[in-house]
Amino acid sequence: MEEVIRMRVLSSELSAHAGERVTMAGWLHAKRELGSVTFVVLRDRAGMAQVVVEPPFELSAETVVEVEGVVVAAEQAPGGVELHEPSFRVLAEPAEPPPLELRRPELKESLPVLLDHAPLAWRHPRERAKLEVLAASVAGFRRTLDGLGFTEICTPKIVASATESGANVFRLDYFGRPAFLAQSPQFYKQTMVGVFERVYETGKVWRAEPHETGRHLAEYTSLDAELGFIGDHFDVMAVVRDAVAGMVESVRERAPQAADLPEVPPEIPWLHFSETGVDDVDLAPADERRLCEQHGEWVFVTGFPAAKRPFYTHPEPGRPEYTNSFDLLFRGIEIVTGGQRLHRYEDYVSALGGETAPYEGYLQAFKYGMPPHGGFALGLERWAGRLVGAKNIRETTLFPRDRSRLTP
Ligand code: AMO
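For every chain, the first residue of the written sequence is number 1, and numbering continues from 1 onward in sequence order. Per-residue local features of the predicted model are confined to residues with pLDDT of at least 70, and side-chain atom pairs are confined, for both listing and counting, to 80 or more; whole-chain, interface and lining totals are unaffected and use all residues. Where side-chain values are given, they derive from all heavy atoms of the structure, hydrogens and water being excluded.

A.B. asks: Tell me what's going on with the overall build of the protein, and back it up with residues and numbers.
C.D. replies: When you go through the protein residue by residue, the secondary structure sums to 9 helices and 18 strands. We call two residues contacting when some pair of their heavy atoms lies within 4.5 Å. Of all intrachain contacts in the protein linking residues separated by at least 6 positions in sequence, the fraction that spans at least 24 positions is 64%. Where accessible areas are quoted, they stem from the Shrake-Rupley method and a 1.4 Å probe; at the residue level, only the protein chains shown are allowed to cover. Put simply, the protein shows about 19,900 Å² of open surface, and 53% of that area lies on carbon and sulfur atoms. Residues counted as positive are Lys and Arg, residues counted as negative are Asp and Glu, and His and the chain ends are not counted. Think of each charge as sitting on NZ of Lys, CZ of Arg, CG of Asp or CD of Glu. Distance from the positive charge centre (44 side chains) to the negative charge centre (60 side chains) of the protein: 2 Å. In DSSP terms, a helix is any run of H or I states spanning at least four residues, a strand is any run of E spanning at least two, and both are numbered starting from the N terminus.

Structure, rendered in structure tokens:
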């Protein structure tokens, strides 16, 4: 049996071990030959460490090694220490030379090339940092909503009906019956308001998007929340504000180097759809950019026309052509959609034009008493894209799925 690596020291811990003999492990990230010495950079989950080697040094990039050596203070080394007198044990050798040069400060390849080699490309510190932004964002979302008395749920992803619109669902053969991949946890999160009052979910959802755009994926991560006993959608918008502020805070703590972090005002400005100057039932991407130029990096648009919102949306009292709904625009793009929902059984029956049969399961919740409620969903990859200044949502998507991409 291979010897277990005991007392492995990480690159981030190395400076605390000056003068000691330690064992490290990781990938050979780079090497620099300087005449009589070679500097080897070892990459582990915490960062990089410099190892001073006597040439010749034959191991190639991305070889996985365990290395034992003495920690020596060295001003010019990253972290102020380096490893001397190393002895290497190879744990795995690459079967062929890596097609990307991870030692470069930035990968210069085009996005399609990076996506084709994603298992390798994500190892690059700059690329990996984007995934740290995703992870820190989810952690911040959870922490904020836990603090507000929400309960996390995990709802079915194989479902019997479309939730958002019939057009972009993926169909499945479910033991001979038609079924769909969930477009959102909409019906189940509402149902669970009847149990917990406040729920959230972080999970994958699917949209069979017919076009390849820089902002749409066929599979994305939806951060959803739903809460009961609200007055109207403005109570939901207050939770959205706290959620994004908590996410920004978490990224600041865990992955600050990767992101350009915004201030989140105590109250995010808002305007009604009828005040946007848009002569249609929805905002176009150009409208979203313009509204952010006019109102700042954060702006809520409320009161979307009923014609463009799903059947579960609550109408605006006194102006039923509008709804108690909203989008949150951030740095020129919609990142959140939400609103108040219908909560009376009879309102659902009439919104569905009496065609209740496909929705029997969902409608049980309303039949047996539901409070006024509402919620929202934030697209995680779009959000992270805004934080890192991505031009395309695929830059902040772990193994994107779109019309043309099913691997890696
Ligand atoms: P909606 O369909 O607007 O609302 O989606 C909510 C948010 O999800 C993100 N998003 C996407 N991200 C990547 N690729 C896509 N194809 C994609 N489609 C949407 C966006 C968007 O703002 N049930 C409602 C939410 C609710 O009312 O609670 C819903 O799913 O960031």
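A.B. asks: Got a sec to walk through the pairing of strand S18 (residues 373-379)? Specific residues and values, please.
C.D. replies: It is a general feature of regular strands that their side chains alternate between the two faces of the sheet. Counting buried residues in S18 gives 6 out of 7 residues, a clear majority hidden from the surface. Bridge analysis of strand S17 (residues 333-340) against S18 gives 5 bridges, and the strand direction is antiparallel. Among the inter-strand pairings, Gly339 is bridged to a residue of S18, identified as Gly375. Accessibility here uses a 1.4 Å probe with only protein chains present; expressed as a share of the type maximum, an area under 20% marks a residue as buried, one over 50% as exposed, and anything in between as partly exposed. Two strands qualify as a pair provided that DSSP identifies no fewer than 2 bridges between them.

A.B. asks: So what's going on with the domain arrangement of the protein? Residues and values would help.
C.D. replies: Note that the domain bounds reflect an automated or database-derived domain assignment. Along its sequence, the protein is carved into domain 1 (11-92) and domain 2 (118-396). Here the C-alpha centroids of domain 1 and domain 2 sit 46 Å apart. The interface of domain 1 with domain 2 comprises 7 residues on the first partner and 4 residues on the second. Buried area is understood as the total, over both parts, of accessible area removed when two parts are fitted together, assessed with a 1.4 Å probe. Buried surface at the junction of domain 1 and domain 2, both sides included, amounts to about 380 Å², of which 50% is carbon and sulfur. Salt bridges are defined by distance alone: a side-chain nitrogen of Lys or Arg within 4 Å of a carboxyl oxygen of Asp or Glu. Across the domain 1-domain 2 interface, the total number found is 1 salt bridge.

A.B. asks: Residues and numbers for the sheet that holds strand S3 (residues 47-53), please.
C.D. replies: In space, the 5 strands of this closed barrel follow the order S1-S2-S3-S5-S4, with mixed pairing throughout. Ignoring which end each strand starts from, the neighbouring axes of this sheet average 50 degrees apart. Bridge analysis of strand S2 (residues 37-44) against S3 gives 7 bridges, and the strand direction is antiparallel. Residue pairing in the sheet places Phe39 in a bridge with Val52 of S3. Only the stretch in contact is used when a helix axis is fitted, and all axes are lines through C-alpha atoms; the angle between N-to-C directions ranges over 0 to 180 degrees.

A.B. asks: How would you summarise the sheet that holds strand S9 (residues 177-181) if you had to cite specific residues and measurements?
C.D. replies: The strand order across the open sheet built from 3 strands is S7-S9-S8, with neighbouring strands paired in antiparallel fashion. Lying at the two open borders of the sheet, with one neighbouring strand each, are strand S7 (158-159) and strand S8 (171-174). With 2 bridges joining them, S7 and S9 adopt antiparallel strand pairing. Residue pairing across strands places Val159 opposite Phe180, the latter belonging to S9.

A.B. asks: Describe the site of the ligand, and please don't skip the residues or the numbers.
C.D. replies: Nearness is judged by heavy atoms alone; a residue qualifies as near a molecule or strand once a single heavy atom is within 4 Å of it. As a structural note, the neighbourhood of the ligand is formed by 23 residues, with Gln186, Lys189, Glu334, Thr337 and Arg341 the closest of them. Here the ligand, which alone exposes 630 Å², has 94% of that area covered by the protein. With respect to the detected pockets, the ligand is housed in the largest pocket. Of all the elements, S17 adds the most residues to the shell around the ligand, at 5 residues. When residues are sorted by character, Ala, Val, Leu, Ile, Met, Phe, Trp, Tyr, Cys and Pro go into the nonpolar class, Asp, Glu, Lys and Arg into the charged class, and all the rest, Gly among them, into the polar class. Grouping the constituent residues of the shell around the ligand by class yields 8 nonpolar, 7 polar and 8 charged. In this analysis a 1.4 Å probe is tested at points of a 1 Å grid over the protein atoms alone, and where it fits but cannot get out there is a cavity; an open set with protein on both sides within 12 Å along at least five of seven lines is a pocket; lining residues have an atom within 4 Å of a point. If over half the atoms of a molecule are within 2 Å of the grid points of a cavity or pocket, the molecule is regarded as sitting in it.

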